[in-house]
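# Summary of the model geometry
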Amino acid sequence: MKSDVEELMPRLLPVDFQDTAEDLNLNGPPRNPREYLRQVQLEASQCPEVVVAQIDPKKLKKKQTVNASVAGCRAAPEGFCPSVSWQQQQVSNFSDVRQSIAKNRKHWRSQTLDENVMMPKINDEEGWKRFCLGEMVYPGASSCQLEAEAEPMLDYRRVGFPPFLSIVSRLNQSTVLTVLEILINWFEENEFVSQLGCWLYSLLACLEKPLLPEAHSSIRQLARRCAQLRSTLESLEDEKLPALNLVICLVARYFEQNDLADQPPSTQG
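Residues numbered from 1 in each chain as written. Predicted model: local features only at pLDDT ≥ 70, side-chain atom pairs only at ≥ 80, totals over all residues. Heavy atoms only, no water.

Glancing now at the overall build of the chain. Helix and strand counts for the chain stand at 11 helices and zero strands. If you take every contact in the chain between residues at least 6 apart in sequence, the share linking residues at least 24 apart comes to 71%. Accessible surface for the chain amounts to roughly 17700 Å². Of this, 52% is attributable to carbon and sulfur atoms. (Helix = DSSP H or I, 4+ residues; strand = E, 2+ residues; numbered from the N terminus. Contact = heavy atoms within 4.5 Å. Areas by Shrake-Rupley, 256 points an atom, 1.4 Å probe, with all protein chains shown as cover.)

The following block contains the structure:
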């Protein structure tokens, strides 16, 4: 009697088996092609139709599941929303920057970094915060120690290392996404500062498309945080407004998170 599998799946190599199961030794090597095919057939018939994997939950990584939030951004307060033409111009400028980085990445990566540039390891969250934001924004040492080390010249340890092309060109996609997530998570509980804005722009410029699910979730989180902070601003002259509008614009318009895009009153409806 043929099994259900044999009935549903046509034989690609029809062979007239005259041997019985008792004639075969499944633990030994086949002695001829027909015996080999018969062994394969018998082994397949002994496999269960359904197999349940035994998974140890403790061995799963903490960030195994990615939840891509679909929540939108807060609408801009009246008068704070940029025009569509302004948004289109920012996307065009951003696209040019990305093309320039991609074109010159090899050149900048080959440049020798200064001796004081000590890039953190990929998973060193504290190190990346200090590296990008500086110890004046994210203290990593006591105030006494900082004052003792203060020098007349610019100290990048205090103010943060700018995202020089010679630095960001060395970051692979895994590092780009990791640092971006670290800074976004810091931004969730802190105010916007210029060092943060420079790094966010540069990391977004290095973020490759199509987006990974993790990147998709992170940049949406970033846009929502910018919109939330923008809703608290009291003046159109606030220096944070253009930067917040820019980040929201790039996430929504360039990375095609269209539901997050600012819609000026004249274009709504």
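Bringing helix α9 (residues 194-206) into the picture now. For α9, which comprises 13 residues, the first-to-last C-alpha distance of 19 Å matches the rise-based estimate of 18 Å (1.5 Å per residue) to within 8%. When you tally the buried positions in α9, you get 10 out of 13 residues, the bulk of the element. Buried residues of α9: Q195, L196, G197, W199, L200, S202, L203, L204, A205 and C206, and no others. (Expected span 1.5 Å × (residues − 1). Buried < 20%, exposed > 50% of the residue type's maximum accessible area, 1.4 Å probe, protein only.)

What follows concerns the nonpolar core. L183, F187 and L196 are the most contacted members of the largest nonpolar core, which totals 53 residues. Secondary-structure elements contributing two or more residues to this core are α3 (84-109), α4 (125-133), α7 (165-168), α8 (173-188), α9, α10 (213-230) and α11 (240-254). Setting aside its immediate chain neighbours within four residues, F187 contacts F192, L196, L222, R225, C226, L229 and L244. (Core = buried A, V, L, I, M, F, W, Y, C linked by side-chain atoms within 4.5 Å.)

Look at α8: 22 Å from first C-alpha to last across 16 residues, which is about the 22 Å you get at 1.5 Å a residue. On its buried face, α8 sits against α4, α9, α10 and α11. N-cap assignment for α8: the residue whose side-chain oxygen lies 3.2 Å from the backbone N of S174 is N172. (Polar contact = N/O pair within 3.5 Å; in protein donor to acceptor, adjacent residues only side chain to side chain.)

Here we come to the packing of aromatic side chains. For any pair of aromatic rings, the description rests on two quantities: the centre-to-centre distance and the angle between the ring planes. Tallying each qualifying case throughout the model produces 10 aromatic pairs. With 5.3 Å between their ring centres and 80° between their planes, F94 and Y201 make a pair best called edge-to-face. Of this pair, F94 sits in helix α3 while Y201 is found in helix α9, placing the two residues 107 residues apart along the sequence. For F94, a relative accessible area of 0% gives the class buried. Chaining the aromatic ring pairs together yields one cluster made of W128, F131, Y156, F161, F164 and W199. Lying across the ring of Y254, K209 places its NZ or CZ 4.5 Å from the centre. The side chain of R225 reaches across the aromatic face of F187, ending 5.0 Å from its centre. (Phe/Tyr/Trp six-rings, centres within 6.5 Å; stacked < 30°, edge-to-face > 60°. Lys NZ or Arg CZ within 6 Å of the ring centre and 35° of its normal.)

Under the criterion given, the structure shown has five salt bridges. Measuring nitrogen to oxygen at the nearest pair gives 3.3 Å for the salt bridge that ties D155 to R157. Overall, the relative accessible area of 12% leaves D155 in the buried class. For D262, the salt bridge goes to R230, with nearest N and O atoms at 2.8 Å. Taken together, the positions of D262 in the segment after α11 and R230 in helix α10 put the pair 32 residues apart, joining distant regions of the chain. Here D262 and R230 have matching classes, each one buried. (Salt bridge = Lys/Arg side-chain N within 4 Å of Asp/Glu carboxyl O.)

Let us look at the packing of α8 against α9. The N-to-C vectors of α8 and α9 enclose an angle of 145°; their axes lie 10 Å apart at closest approach. Here α8 and α9 pass one another in a crossing that is left-handed. Listed contacts from α9 to Q173, V176, V179, L180, L183, I184, W186 and F187 of α8 are L196, W199, L200, L203, L204 and C206. Looking at the contact of α8 with α9 residue by residue, the class counts come to 13 nonpolar, one polar and no charged. (Axes fitted to C-alpha atoms, helices over the stretch in contact; angles between N-to-C directions. Left-handed = near helix turned anticlockwise from the far one by under 90°. Nonpolar A, V, L, I, M, F, W, Y, C, P; charged D, E, K, R; others polar.)

What follows concerns the environment of V159. Its location among the elements puts V159 in helix α6 (residues 156-159). C-alpha separation for the pair V159 and G134, spaced 25 residues apart in sequence, amounts to 4.3 Å.

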